[in-house]
Amino acid sequence: DLRNRTAFAAGHLAGTRGFELSESFVTYLGWLYSWGEPLTLIGENTDQIAEARRQLVRIGIDKLDGAAVGEVGSLSAGTKLRSYRVASFTDLAEVLESEDFTILDVRQQQEYESSHIPGAVNIPLHKLIERMSDVPEGEVWVHCASGYRSSIAASMIDRPGRTVVLVDDEYENAEKLQLTS
């Protein structure tokens, strides 16, 4: 799903992964895509699909299994859409001491080692598929440095029985709020 990460969080087809179309799109999709697996793109319009295809061809993905455009609710064929909450580091600060949840930091290990939220579990995005069983059960707040990687991770974790919260915020705000060590 190529739509903006907050639009994806507000409503998406179950089982889809959100890769917001941006300059980073092809880097992260190429890194996480299982080569040879079926790939269908969902976009807001045909221009978005065309741009994604151009970027994918540059990394050797030239065969798509399908593409769909339009309002995601119209693509659902009557099935219920999934959604999850989008929050900021300010929201996280407000609930940090009072709620039972896991903070998942999907930044690279060196980013985590230089500064992180105490108690956060670090699983870099590129290792998340193979380490999905290491993501604790229960509510998971997912963050990175800007919200882009965490949006991909949140889409990967989202499934029935899971509560995912996407922290769509700049990591420097966590530092300003003194959430980090």
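Not measured: the values here are computed from a predicted model.

Draft legend 1. Spatial organisation of the overall build of the protein. Across its full length, the protein holds eight helices and seven strands. Dimensions along the principal axes, computed over C-alpha positions, put the protein at roughly 45 × 35 × 30 Å. Counting over 181 residues, the protein shows a buried share of 47%. Look at the contacts in the protein between residues 6 or more apart in sequence, and 68% of them connect residues 24 or more apart. Summing over all exposed atoms, the protein offers an accessible surface of approximately 9,100 Å²; the carbon and sulfur share of this is 46%. Across the protein, the centroid of the 17 positively charged side chains sits 5 Å from that of the 28 negatively charged ones.

Draft legend 2. View of the environment of Ile-103. By secondary structure assignment, the location of Ile-103 is in strand 4 (residues 102–105). Distance in space between the C-alpha atoms of Ile-103 and Val-135 is 9.7 Å, their sequence separation being 32 residues. Sequence-distant contacts of Ile-103, that is, excluding residues within four places in its chain, are made with Leu-92, Leu-96, Ile-117, Ala-120, Val-121, Trp-141 and His-143.

Draft legend 3. Seen up close, the layout of surface pockets. The space that makes up the largest pocket amounts to roughly 390 Å³. Lining the largest pocket are 19 residues, and of these Arg-17, Phe-19, Pro-38, Leu-39 and Thr-40 lie nearest its centre. Along the lines of polarity and charge, the residues of the lining of the largest pocket split into twelve nonpolar, four polar and three charged.

Draft legend 4. How the structure looks around the pairing of strand 4. Of the two faces of strand 4, the one lined by Thr-102 and Leu-104 and the one lined by Ile-103 and Asp-105 are each fully buried. One ladder, built from four bridges, connects strand 4 with strand 6 (residues 139–143); its direction is parallel. Across the sheet, the residue bridging to Leu-104 is Val-142, located in strand 6. Of the pairings in the sheet, the one linking strand 4 to strand 5 (residues 121–122) comprises two bridges and is parallel in character. Residue pairing in the sheet places Asp-105 in a bridge with Asn-122 of strand 5.

Conventions used here
Residues numbered from 1 in each chain as written. Predicted model: local features only at pLDDT ≥ 70, side-chain atom pairs only at ≥ 80, totals over all residues. Heavy atoms only, no water. Helix = DSSP H or I, 4+ residues; strand = E, 2+ residues; numbered from the N terminus. Buried < 20%, exposed > 50% of the residue type's maximum accessible area, 1.4 Å probe, protein only. Contact = heavy atoms within 4.5 Å. Areas by Shrake-Rupley, 256 points an atom, 1.4 Å probe, with all protein chains shown as cover. Lys, Arg positive; Asp, Glu negative; His and termini not counted. Charge placed at Lys NZ, Arg CZ, Asp CG, Glu CD. 1 Å grid on protein atoms, 1.4 Å probe; cavity = no way out; pocket = protein on both sides within 12 Å on 5 of 7 lines; lining within 4 Å. Points joined across faces, edges and corners; volume = space filled by probe spheres on them. Nonpolar A, V, L, I, M, F, W, Y, C, P; charged D, E, K, R; others polar. Pairing = 2+ DSSP bridges.

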